[in-house]
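In case you want the letters, here they are:
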Amino acid sequence: MKQKIDLQQWPRRDHFNFFSKFEEPYFGICAEIDCTRAYDAAKAQGISFFLYYLYRSLKAANQVTPFRYRIADGEIWEYDAVHASPTINRPDGTFGFAYMDYLEDFAAFQASAQQEIEKVQQSTGLIPSVSGENVIHYSSIPWVKFTSLSHARSFSFKDSIPKISFGKMTEQSGQRSMPVSIHVHHALMDGYHVGQYLECFQELMMQY
């Protein structure tokens, strides 16, 4: 389900009108997330750490309203929920696109997501997702502790979907951290909202 935002009454109307005219309206922020407790909890429970943090990232994105905004035909729509469209790495060094529903119950999300991962890993090609606009584009680069990141973009394709990437987890003095890159459409949100997402994601990663 989705509902249209009344642009005339929206507090960010001027921001939308300004940034929506840009050839490149996305901006990106990189930050580090403390994942010590999350990693320990995942390993203690025999859970995939990737699915553990992907679920919490998706939950945070659903809790920060602007991450559920999308632009279609010059209008802003707010979705009730957004889901995950992550890249899944294969043993041969390629990757495929996947689609994973956001489910409130982590056990249900994990079971469904694991089936999707296995399907992609046993296939070839990109498998373009048919999930629509109400997704977050996710990618994981577990080999690189990046401090900045850019994305391949087709500027002729109008896109307003947030893009979140995770890097290599490293350990120092018993503390584990992981870089996170967030690219979002500036007509829909500002650095303040990305900060809200990062704060929410960090809080969820501290919970067992």
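No experiment lies behind these values; they were computed from the predicted model shown.

## So, the pattern of salt bridges
(1) Moving on: The final tally for this structure, using the stated rule, is 9 salt bridges.
(2) Moving on: Here Glu78 ties to Arg68 by a salt bridge, and the two come within 3.0 Å at their closest N and O atoms. Residue Glu78 is located in strand S4 (residues 75-79), and its partner Arg68 is located in the loop between helix H3 (49-63) and strand S3 (69-72); the two are separated by 10 residues in the primary sequence.
(3) Moving on: Arg68 gets classed as buried once you look at its relative accessible area, which sits at 10%.

## Section: the layout of surface pockets
(1) Moving on: Taken as a whole, the second largest pocket spans an internal volume of roughly 350 Å³.
(2) Moving on: Residues that form the lining of the second largest pocket fall into these classes: 7 nonpolar, 5 polar and 6 charged.

## Focus on the packing of H3 against helix H5 (residues 191-205)
(1) Moving on: Viewed as axis vectors pointing N to C, H3 and H5 meet at an angle of 135 degrees, and their least axial separation amounts to 9 Å. Overall, the two elements H3 and H5 adopt an arrangement that is oblique. Taken as a pair, H3 and H5 cross one another with a handedness that is right-handed. Contact residues: Phe49, Tyr53, Arg56, Ser57, Lys59, Ala60, Ala61 and Gln63 in H3; Tyr197, Cys200, Phe201, Leu204 and Met205 in H5.
(2) Moving on: Per-class residue counts for the contact of H3 with H5 are 9 nonpolar, 2 polar and 2 charged.

## A short note on the environment of His15
(1) Moving on: Mapped onto the secondary structure, His15 falls in helix H1 (residues 13-19).
(2) Moving on: Through-space distance from the C-alpha of His15 to that of Arg70 is 15 Å; in sequence the pair is 55 residues apart.

Reading the values: the criteria
- Every chain begins its residue count from 1, and numbering advances along the sequence as written.
- Only residues with pLDDT of at least 70 are given local features in this predicted model, and only at 80 or more are side-chain atom pairs given and counted; all residues enter the totals for whole chains, interfaces and linings.
- Only hydrogens and water are set aside; all other atoms, that is, all heavy atoms of the structure, feed into the side-chain values.
- Throughout this description, the term salt bridge denotes a Lys or Arg side-chain nitrogen within 4 Å of a carboxyl oxygen of Asp or Glu.
- Strands here are runs of E lasting at least two residues and helices are runs of H or I lasting at least four, both read from the DSSP assignment and numbered beginning at the N terminus.
- Each residue's exposure class comes from its accessible area (1.4 Å probe, protein chains only) as a fraction of the maximum for that residue type: buried when under 20%, exposed when over 50%, partly exposed otherwise.
- Lining residues are those with an atom within 4 Å of a point, where the points come from a 1 Å grid over the protein atoms alone and group into cavities, where a 1.4 Å probe fits but cannot get out, or pockets, open sets with protein on both sides within 12 Å along at least five of seven lines.
- Grid points are joined across faces, edges and corners, and a volume is the space filled by probe spheres set on the points.
- Here the nonpolar group is Ala, Val, Leu, Ile, Met, Phe, Trp, Tyr, Cys and Pro; Asp, Glu, Lys and Arg are the charged ones; every other residue, Gly included, is treated as polar.
- Only the contacting stretch of a helix is used when fitting its axis, a line to C-alpha atoms as for every element, and angles between N-to-C directions run 0 to 180 degrees.
- By definition in this entry, angles of less than 35 degrees are roughly parallel, angles greater than 145 are roughly antiparallel, angles of 65 to 115 are roughly perpendicular, and the rest are oblique.
- Take the far helix as your reference; a near helix turned counterclockwise from it by less than a right angle gives a left-handed crossing, and one turned clockwise gives a right-handed crossing.
- Only heavy atoms matter for contacts: two residues are in contact if any of them lie within 4.5 Å across the pair.

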